[in-house]
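Breakdown of the fold
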Amino acid sequence: MVTMTGEKRYAIDWVEEHARRFADFHLRIWNYAEPAWREYKSAKAYCDLLRSEGFTVEEGSGEMPTAFAARWGKSGPVLGTYAEYDAVPGNSQQVVPYHAPRAGVHPWAAGHTDPHSALGTTSLAGVLAAKATMERFDIAGTILFFGEPAEKVCGSKPVHAAKGYYDGADAFISYHPHFSNTAIWDTQCGSYWSVVFTFETVEPERWIDKSLIPTTHTSHAAARCPGAIDALCLMYTTTKYTKEAMFPHTGTWTLNEFVLVGGDATSDNLPPRFSQIQYAWRSPSLGIQQQIYNVLENNARHVAAMTGCRASVRWITKTRVGLTNHAMADLTFRNMELVGPPCFTDEARDFARKIQSNLGLAPMENPFLDDNERLLPPREYEARLRRAMPEWQTNYTSDDYVDYTWHAPTVRLLTMRPRLRPPSPDYEYPAWTHNALGGLPGAINPGIFLGAKTIATTFLDLLTERSLLKQAQDEFGKRTGGGIGGAEWVAPLLPKDFKPPVDLRWPEYVQTARGEEWWIPTPAIGSGAGEPL
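Residues numbered from 1 in each chain as written. Predicted model: local features only at pLDDT ≥ 70, side-chain atom pairs only at ≥ 80, totals over all residues. Heavy atoms only, no water.

Of regular secondary structure, the protein possesses 13 helices and 16 strands. Computed over its C-alpha atoms, the radius of gyration of the protein comes to 25 Å, within 12% of the 24 Å expected for a compact globule of 533 residues. In terms of its C-alpha atoms, the protein occupies a principal-axis envelope of roughly 90 × 55 × 45 Å. Put simply, 81% of the contacts in the protein that link residues at least 6 apart link residues at least 24 apart. Across the protein, the centroid of the 51 positively charged side chains sits 1 Å from that of the 60 negatively charged ones. (Helix = DSSP H or I, 4+ residues; strand = E, 2+ residues; numbered from the N terminus. Rg over C-alpha atoms; globule rule 2.2 N^0.38 Å. Contact = heavy atoms within 4.5 Å. Lys, Arg positive; Asp, Glu negative; His and termini not counted. Charge placed at Lys NZ, Arg CZ, Asp CG, Glu CD.)

Across the junction of Asp114 and Pro115, the peptide omega takes the value -5°, indicating a cis bond. Located in the positive-phi region is Glu63, a residue other than glycine, with phi close to 65°. Relative to the helices and strands, Glu63 resides in the loop between β1 (56-59) and β2 (68-72). With a phi close to 55°, Asp138 is a non-glycine residue in the positive phi region.

Mapped onto the elements of the fold, Trp14 is located in helix α1 (residues 6-17). Considering only alpha carbons, one finds Trp14 and Ala129, 115 residues apart in sequence, at a separation of 6.1 Å.

Taken together, seven strands build an open sheet; the order of strands is β1-β2-β6-β3-β7-β14-β8 and the sheet is mixed. Edge positions in the open sheet fall to β1 and β8 (182-183), since each of these has one partner strand only. One ladder, built from two bridges, connects β8 with strand β14 (residues 410-416); its direction is antiparallel. The residue bridging Thr182 from the neighbouring strand is Leu414, located in β14. (Pairing = 2+ DSSP bridges.)

The subject of this paragraph is the pattern of salt bridges. In total, this model carries 34 salt bridges according to the counting rule given. When the shortest N-O distance is used, the salt bridge between Glu16 and Lys453 registers 2.3 Å. Linking Glu16 in helix α1 with Lys453 in helix α12 (residues 441-464), this pair joins segments that are 437 residues apart in sequence. On the basis of relative accessible area, Glu16 is assigned to the partly exposed category, the value being 46%. Asp371 is paired through a salt bridge with Arg384; the nearest N and O atoms lie 2.4 Å apart. (Salt bridge = Lys/Arg side-chain N within 4 Å of Asp/Glu carboxyl O. Buried < 20%, exposed > 50% of the residue type's maximum accessible area, 1.4 Å probe, protein only.)

A regular strand places its side chains so that they alternate between the two faces of the sheet. Taking burial as the measure, the five residues of β2 include four buried ones, the bulk of the element. Examined bridge by bridge, β1 and β2 share four bridges and lie antiparallel to one another. The residue bridging Glu58 from the neighbouring strand is Ala69, located in β2. Pairing of β2 with strand β6 (residues 142-147) involves five bridges; the strand directions are antiparallel. By the bridge assignment, Arg71 is partnered in β6 with Leu144.

Right, let's get into the packing of aromatic side chains. Inspection of the entire model under this criterion finds 23 aromatic pairs. Seen from their ring centres, Tyr10 and Phe137 are 5.6 Å apart, and the 85° between their planes marks the pair as edge-to-face. A residue pair is termed long-range when its members are at least 10 positions apart, and Tyr10 in helix α1 and Phe137 in helix α4 (residues 116-137) qualify at 127 residues. Aromatic pair Phe172 and Tyr404: ring centres 4.7 Å apart, planes at 75°, arrangement edge-to-face. Here Tyr404 lies in the loop between β13 (396-398) and β14 and Phe172 lies in strand β7 (residues 171-178), a separation of 232 residues in the sequence. Accessibility expressed as a relative area gives 0% for Tyr404, which makes it buried. Ring pairing ties together the aromatic residues Phe25, Tyr46, Phe68, Tyr85 and Phe145, which thus form one cluster. One residue, Lys318, lies across the ring of Trp193, its end atom 4.7 Å from the ring centre. The ring of Trp315 is capped by Lys318, whose NZ or CZ atom sits 4.5 Å from the centre of that ring. (Phe/Tyr/Trp six-rings, centres within 6.5 Å; stacked < 30°, edge-to-face > 60°. Lys NZ or Arg CZ within 6 Å of the ring centre and 35° of its normal.)

With respect to the secondary-structure elements, Glu34 resides in the loop between α2 (19-32) and α3 (40-52). The charged side chain of Glu34 is buried without a salt bridge, its nearest counter-charge being Lys41 at 5.7 Å. Within the structure, Glu34 has its side chain in polar contact with the backbone nitrogen of Tyr40 (distance 3.2 Å). Residue contacts for Glu34: discarding those within four places in its chain leaves Glu39, Tyr40, Lys41, Ser42, Tyr85, Asp86, Ala87 and Tyr509. (Polar contact = N/O pair within 3.5 Å; in protein donor to acceptor, adjacent residues only side chain to side chain.)

Moving on to the nonpolar core. Grouped together as the largest cluster of nonpolar side chains are 78 residues, with contacts concentrated most on Tyr46, Phe55, Phe68, Leu124 and Phe145. The biggest single contributor to this core is α12, with 11 residues. Look past the residues within four positions of Phe55 in its chain and what remains in contact with it is Leu50, Ala70, Arg71, Trp72, Val127, Leu128, Lys131 and Ile143. Met64, Ala231, Ala280 and Trp315 belong to the second largest nonpolar core, which has 43 residues in total. (Core = buried A, V, L, I, M, F, W, Y, C linked by side-chain atoms within 4.5 Å.)

Another aspect to go through is the environment of Pro149. Relative to the helices and strands, Pro149 resides in the loop between β6 and α5 (157-162). With 77 residues separating them in the primary sequence, Pro149 and Trp72 have C-alpha atoms 21 Å apart. Setting aside anything within four residues of it in sequence, one finds Pro149 in contact with Trp37, Glu39, Thr66, Ala67, Tyr85 and Ser156.

A word on the pairing of strand β15 (residues 509-512). Note: β15 against strand β16 (residues 515-518), four bridges, orientation antiparallel. Residue pairing for β16: Gln511 is matched across the bridge by Glu516.

α3 packs onto α2 with a crossing angle of 155° between their chain directions and a minimal axis gap of 9 Å. Between α2 and α3, the angle is such that the two are roughly antiparallel. Facing α2, whose interface residues are Arg21, Phe25, Arg28, Ile29 and Tyr32, α3 presents Lys41, Ser42, Ala45, Tyr46 and Leu49. Within the contact of α2 with α3, the residues separate by chemical class into six nonpolar, one polar and three charged. (Axes fitted to C-alpha atoms, helices over the stretch in contact; angles between N-to-C directions. Parallel < 35°, antiparallel > 145°, perpendicular 65-115°, else oblique. Nonpolar A, V, L, I, M, F, W, Y, C, P; charged D, E, K, R; others polar.)

As a further point, take the packing of α3 against α4. Helices that pack against each other are described as a pair by the angle of their axes relative to one another and the distance between those axes. Where α3 meets α4, the axes come as close as 12 Å, and the angle between the chain directions of the two elements is 5°. Comparing the axis directions of α3 and α4 gives the class roughly parallel. Every residue of α4 that contacts α3 at Tyr46, Leu49 and Leu50 is listed here: Ser117, Gly120, Thr121, Leu124 and Leu128. Broken down by class, the residue content of the contact of α3 with α4 amounts to five nonpolar, three polar and no charged.

As structure tokens, then:
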């Protein structure tokens, strides 16, 4: 039975007492807006704060410069959670009720969409509230807190898992901002795999038989080897054609591509030597993931042969699918009920109405979704989710938290991020509206503090009511066929010696003689694209 104990009341009050501190920390991370694998300032902010709170902190854990592994406590159950803090390129936005990218950098620089700035702050506040309560009431236990960079490419958690960082934990809480307040019941996230194919023009001189050419000094007029850009373009086009045949049009699976490097910017009659294209795909099963990769690999081999290139593949990530735990989900949601539903401030409602007005919509009395301000029982959320899926599909979308679920009983906790109410079912708000609301304290803080209090109180139950922890662990053992290494257990998909892809050409902020810039230089006017056609 989940009840309001003195310890849990203390933790809830502690979050309230320190609310301004965490609200400020959230805005700090939100304003850094650092993208995947390049979250240097954000990671340092967490590491400095955790050390000041008495945690031992390993910076650069798993050979990832912007990751960390923090630990506090020496005995008792080992409970863990994590922070994410990466932003998304192309989503720069100020906290204003109209479209306005941040000044001073390229307009397509990064911004927080989900926002991960709130994700990490929520988990941090929950952990520190639990720690303060453990100290106050002399509760035995150990807290693990991980810094997980590059979630938008599902980058760090499979690496931490493969290298043993999650070993020995007794339970985990995975938190994420969402439009609702609930805990996932059955349908956990699916799998996300990603690779980068590189094409290199290594021996362009072998493309043409030189004996067929009257003179050897015609480099500016002779046909040249197609080269790396042609290989990349053919890879893109060929994959678009073969996508139709990768897997039947059933269930929910997606495939996306991103150009990392597009040649060496030569305008001479020379073949571009180097190009890279990243593919990322989501599906509900590992078998589908492998099928999609088989087609991609085959395409890369063939287009390389067609263009006189050498093809290589580098894995970015491989996640498993999520493993549910009803005991953890039920316990967490019961604690959320003890805390109570969140509520927007008048500041948030006024701001949201200004957004609607600026978009030419009639401002609404309540401009936010009802689900933002009510608690949604896990089974009710599950029923909603299943309406969009075929019966055979057991997992949905993707997130790399799934790698935690195979190392200890894990709950996926969701609390609200502000979502605007559409004026009609077919209307979709521009992305900048939600990005702006993510930086508005009155809109984002209610979800942060509900999540923090829920995490803290759930940790305290697991530490003080050992039967609750045992129930979750027994269920974990059954679902894995015996726990770690059991008959149904799935091991990490990356090798222990995996080298994280931190050296690739990911978007980032750079220091120049002109100051700090986005990796695409700051334009004088607009986006620097010139005159519209």
